[in-house]
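The chain contents come next:
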Amino acid sequence: MRSFTPDRVFYELAVVNYPLGRQLLDRYRAMGVSLTPIESHNKIPELRARPDADFGAMKRHLVLGVRKSLAHQPNHKTSDYLVPWTSSGCAAMCLYCYLVCTYFTSAYLRVFVNREAMMEKLLRAAKKADHEQVFEIGSNSDLVLENSVTGNLAWTIEQFAPAPRGRLTLPTKFDMVDGLLHLRHGGRTTVRMSLNPEEVIRRVEFGTARLDGRLAAMRKLYEAGYPVGILVAPLILLDGWKEKYDRLFQRMADELPNQMLDD
């Protein structure tokens, strides 16, 4: 998937009060995409009535809304805080994804257009902290994919770069990173690439970038000065899984910069 173009757009009426909301509606109206007003991005009766068999088709929809809750949640895994950010759900369809458990709200990509309010709160939190803190902004969506729709990730990286302290982190399974390479990022955003053997990607991680693309994206980001992390998860026990993962780790050793692996 190089980018995402929806077949239908559902939108809260309030999105017209935000520049990004108007921009997206104008774009899809000009493209002839069906636009349907809704009362709430959390509850769309038409979609709730759809049978489970429509799950894959619903992945082609886009929902535009205004994020209400901006509370940062303490976290002690990849970050100090989980930060609600500019999207939730995803257009890809990884069979193990925990978002599938919230079928009616996360079967599709939801984009929140009030990014300025989110950034204002994030910058206040970073400035107020008495030490360097890490903010996870990608726990509910793949922001590299979303960036192909909104440009929000590029906007986020440049807006946060001048912050006096703090770091951002996000995971991805996509390789559309060229638009991030020349940004003024200040080394403050870590992109964690999720890797699996090609056989797992093809059979389980539907709609995501292939392994070649992910490795190439990691090299590009590292060469552009970004901190780059690696996730190998979940381990999928296909026949011959040990050999498949051995080959994956060998490819990582052969194709990724030694300094990146050492870091």
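Look above for the structure.
If you're wondering where the values come from, they're calculated on a predicted model, not measured in any experiment. (Residues numbered from 1 in each chain as written. Predicted model: local features only at pLDDT ≥ 70, side-chain atom pairs only at ≥ 80, totals over all residues. Heavy atoms only, no water.)

1. Considering the sheet that holds strand β10 (residues 167-172)
Taken in spatial order, the 6 strands make up an open sheet running β4-β5-β9-β10-β11-β13, and their pairing is mixed. Sheet topology places β4 (73-74) and β13 (228-232) at the edges, where each strand pairs with a single neighbour. Pairing of strand β11 (residues 189-195) with β13, which is carried by 5 bridges, proceeds in the parallel orientation. Note that in β13 the partner of S194 across the bridge is L231. (Pairing = 2+ DSSP bridges. Helix = DSSP H or I, 4+ residues; strand = E, 2+ residues; numbered from the N terminus.)

2. Some points on the pairing of strand β1 (residues 8-12)
Burial runs high along β1: 4 of the 5 residues are buried. In the sheet, β1 pairs with strand β2 (residues 34-38) via 5 bridges, with the strands oriented parallel. Pairing of E12 across the sheet is with I38, part of β2. Crossover connection from β1 via helix α1 (residues 19-31) to parallel β2: handedness right-handed. Pairing of β1 with strand β3 (residues 61-65) involves 4 bridges; the strand directions are parallel. Bridge pairing links V9 to L62 in β3. (Buried < 20%, exposed > 50% of the residue type's maximum accessible area, 1.4 Å probe, protein only. Right-handed = clockwise from strand over helix to strand, strands pointing away.)

3. Things to note about the pattern of salt bridges
The tally for this structure, following the rule as stated, stands at 17 salt bridges. Where R8 meets E46, a salt bridge forms, and the shortest distance between an N and an O atom there is 2.5 Å. Taken together, the positions of R8 in strand β1 and E46 in helix α2 (residues 45-48) put the pair 38 residues apart, joining distant regions of the chain. Notably, a salt bridge pairs R247 with E199, separated by 3.3 Å at the nearest N-O pair. (Salt bridge = Lys/Arg side-chain N within 4 Å of Asp/Glu carboxyl O.)

4. Digging into the nonpolar core
General note: in soluble globular proteins, nonpolar side chains tend to be found buried as a group. L62 and L64 are the most contacted members of the largest nonpolar core, which has 66 residues in total. If we skip the residues at most four places from it in the chain, L62 touches F4, P6, R8, V9, F10, Y28, L109, V111 and V149. Of all hydrophobic cores here, the second largest spans 9 residues; its members include F55, V63, A107 and Y108. (Core = buried A, V, L, I, M, F, W, Y, C linked by side-chain atoms within 4.5 Å. Contact = heavy atoms within 4.5 Å.)

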